Every structure is written in C-alpha cells, then in structure tokens.
Amino acid sequence: AQKVTQAQTEISVVEKEDVTLDCVYETRDTTYYLFWYKQPPSGELVFLIRRNSFDEQNEISGRYSWNFQKSTSSFNFTITASQVVDSAVYFCALISGYSTLTFGKGTMLLVSP
Amino acid sequence: GAVVSQHPSWVICKSGTSVKIECRSLDFQATTMFWYRQFPKQSLMLMATSNEGSKATYEQGVEKDKFLINHASLTLSTLTVTSAHPEDSSFYICSALSRGQGASDYGYTFGSGTRLTVV
C-alpha cells in the first residue's frame, strides 16, 4: 500500500514571504515516483515536478525548489518570494510498483498582497 | 509536451438524464487513461482505470453501471454518468498516461476537468 500525507490543510502568507509545503510518503517499493501538482481555482491540474526514487538531488526551478529526503520519506516544496498568483491548492502524489497515482489531500496556499 | 483535452468544461443537467464527458490525448497515444472525481476542497479520488480495447477497472465503491467508461481508441476515453442525481455533482478530471523514449520516462497528463452540476 502507498500513502501520501500533506499535513498542512491551509497556509496563509503575505506576498514575498517564503513558504514550504510538506509532503510525507509511504511505500514499500524501492522504485517509485513523486509528483507535485498545482490546482488553481479554475480547476485544472498543472504539473510541477516528477522525481524518481533514485534521484535525491534537490531541484530548483525559478522560485520553486524541492527537497527530497529518502531518510525521512519527505518531498517538500518551497516557494521563495511568494506571489498572489501562487495561490492555489498544491497536491503531492506518489506512484510505486504496479499501483496507480495516489494523491495527498492537498494544501491550500493563500498569498495575500 | 503531451496535451489532454477534456470536454465539456462544465455542464448542468437535469436529474435523471445522462451526461457524457470526453477525454482526448491530442499528440500521443494513451493506452491507459484514468478518471478521477473531486469534491469541493477535497483531494482527487480515482474512480477507474481504462485501458484501450478492454473493460475499465473500477475502484471499490464506484458503481460501474452508473459511471460507464469507454476507451475505444488510443486517443479517446469517455465517461458517461447515467441517470445523474444531485449527489453526482462534482468535478471530474481525466488523466492519460504518456510514455517517452526511456522505460522509466512517463508522465501523467491531466485534462482541464469537467464541473458537473445536476439540478
């Protein structure tokens, strides 16, 4: 069985603040993939990143960065200098073995001006 | 990159009628597509997995006679909500599995979703 936990239901920050969204996963497989998606109010899911279990290198893409730590089974997502347009629900997801994509419950990020 | 087109974006229907939602992979062949349902402020819940040319696999608790899934071609999967009722009102979103050149290079591409309201 696999599981994704996003303990933060909602986070509110003021523009330009940095914010970290937590994601903890569980799987018995040694090969797995982790994802982050953004869901703005319009509803569509926007792919942000995919990381496989053999690549623990942290990644930075503009204001976004991801910290993958197998030792703590975490794949946290940080937005630097947040902007109002970052307001959305963010989902962490996992797939391993022959299972299907499992989503966390999501974290709603509210960035106010 | 891979694009999945989902139509309609929103639909309002009367209770008791059926609604069909289409999901097309525009620039790739999707042997596997997934259908999710999302209630307000909740996560995406997988309803079923459809493979081209075979019957869909439904998740536990999903009524296969109510949510008919057809995956007749490598680029099209449809979800039909039959005899819709107000409790079926939800956001439905499809996803197609796309495979790249490498064995481990694959991704899930999502449609833009369909907001169904049954009145």
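Here, the structure is the one placed above.
Keep in mind that this is a model prediction, so the values were computed, not measured.

Trp-35, Tyr-58, Phe-67, Ile-69, Leu-79, Tyr-92 and Leu-116 of chain B are the most contacted members of the largest nonpolar core, which has 25 residues in total. Elements with a minimum of two residues in this core: strand E2 (10-13), strand E3 (19-25), strand E4 (32-38), strand E5 (45-51), strand E7 (67-73), strand E8 (76-81), strand E9 (90-99) and strand E11 (114-118) of chain B. Those residues in contact with Ile-69 of chain B that lie beyond four places of it in its chain are Trp-35, Ala-48, Ser-50, Ala-56, Tyr-58, Ser-77, Thr-78 and Leu-79 of chain B. Ranked by size, the runner-up nonpolar core spans 24 residues in total, among them Val-4, Cys-23, Leu-48 and Phe-77 of chain A.

Further remarks concern the environment of Val-119 of chain B. All names here are of chain B. Within the secondary structure layout, Val-119 lies in the segment after E11. The exposure class assigned to Val-119 is exposed, which follows from its relative accessible area of 58%. Along the backbone, Val-119 and Ser-90 are 29 residues apart, and their C-alpha atoms lie at a distance of 12 Å. Contact partners of Val-119, with chain neighbours within four places excluded, come to Ile-12, Cys-13, Lys-14 and Ser-15.

Below, the discussion takes up the state of the cysteines. Covalent bonding between the sulfur atoms of two cysteines defines a disulfide. Residue and element names in this part refer to chain A. According to the stated counting rule, one finds two disulfides over all chains in the structure shown. Each disulfide pairs two cysteine sulfurs, and for Cys-23 the partner residue is Cys-92, the sulfurs being separated by 2.0 Å. Measuring the twist about the S-S bond at about -65°, one finds the Cys-23-Cys-92 disulfide to be left-handed. Placement of the pair is Cys-23 in the loop between strand E3 (19-21) and strand E4 (24-26) and Cys-92 in strand E10 (residues 88-96), with a sequence separation of 69 residues. Just as Cys-23 is buried, Cys-92 falls in that class too.

The next point concerns the packing of aromatic side chains. Taken as a whole and judged by the stated rule, the model has 19 aromatic pairs over all chains. Relative to Phe-68 of chain A, the ring of Tyr-25 of chain A lies with its centre 6.2 Å away and its plane at 50°, an arrangement referred to as tilted. Taken together, the residues span a long stretch of sequence, with Tyr-25 of chain A in strand E4 and Phe-68 of chain A in strand E8 (residues 64-69) at a distance of 43 residues. An identical accessibility class is assigned to Tyr-25 of chain A and Phe-68 of chain A; each is buried. Between Tyr-37 of chain A and Phe-110 of chain B, the ring centres sit 5.1 Å apart and the planes meet at 80°, which makes this aromatic pair edge-to-face. Of this pair, Tyr-37 of chain A sits in strand E5 (residues 32-39) while Phe-110 of chain B sits in strand E10 (residues 106-110), each in a different chain.

Attention now moves to the layout of surface pockets. By volume, the largest pocket amounts to about 530 Å³. Along the wall of the largest pocket there are 24 residues; nearest its centre are Gln-39, Val-89 and Met-108 of chain A together with Lys-41 and Gln-42 of chain B. Within the residue set of the lining of the largest pocket, elements represented by two or more residues are E10 and strand E12 (107-112) of chain A. A per-element tally of the lining of the largest pocket places E12 of chain A first, with four residues. In terms of residue class, the lining of the largest pocket is built from eleven nonpolar, nine polar and four charged.

Within a sheet, each strand pairs with its neighbour through backbone hydrogen bonds, oriented either parallel or antiparallel. All names here are of chain B. One open sheet holds the four strands; their spatial order is E1-E3-E8-E7, and the pairing between them is antiparallel. Single-partner strands in this sheet number two, and they are strand E1 (4-7) and E7. The mean inter-strand angle of the sheet, taken between neighbouring strand axes irrespective of direction, is 15°. Pairing of E7 with E8, which is carried by five bridges, proceeds in the antiparallel orientation.

Conventions and cut-offs
Residues numbered from 1 in each chain as written. Chains lettered and ligands numbered in written order. Predicted model: local features only at pLDDT ≥ 70, side-chain atom pairs only at ≥ 80, totals over all residues. Heavy atoms only, no water. Core = buried A, V, L, I, M, F, W, Y, C linked by side-chain atoms within 4.5 Å. Buried < 20%, exposed > 50% of the residue type's maximum accessible area, 1.4 Å probe, protein only. Helix = DSSP H or I, 4+ residues; strand = E, 2+ residues; numbered from the N terminus. Contact = heavy atoms within 4.5 Å. Disulfide = S-S within 2.5 Å. Phe/Tyr/Trp six-rings, centres within 6.5 Å; stacked < 30°, edge-to-face > 60°. 1 Å grid on protein atoms, 1.4 Å probe; cavity = no way out; pocket = protein on both sides within 12 Å on 5 of 7 lines; lining within 4 Å. Points joined across faces, edges and corners; volume = space filled by probe spheres on them. Nonpolar A, V, L, I, M, F, W, Y, C, P; charged D, E, K, R; others polar. Pairing = 2+ DSSP bridges. Axes fitted to C-alpha atoms, helices over the stretch in contact; angles between N-to-C directions.

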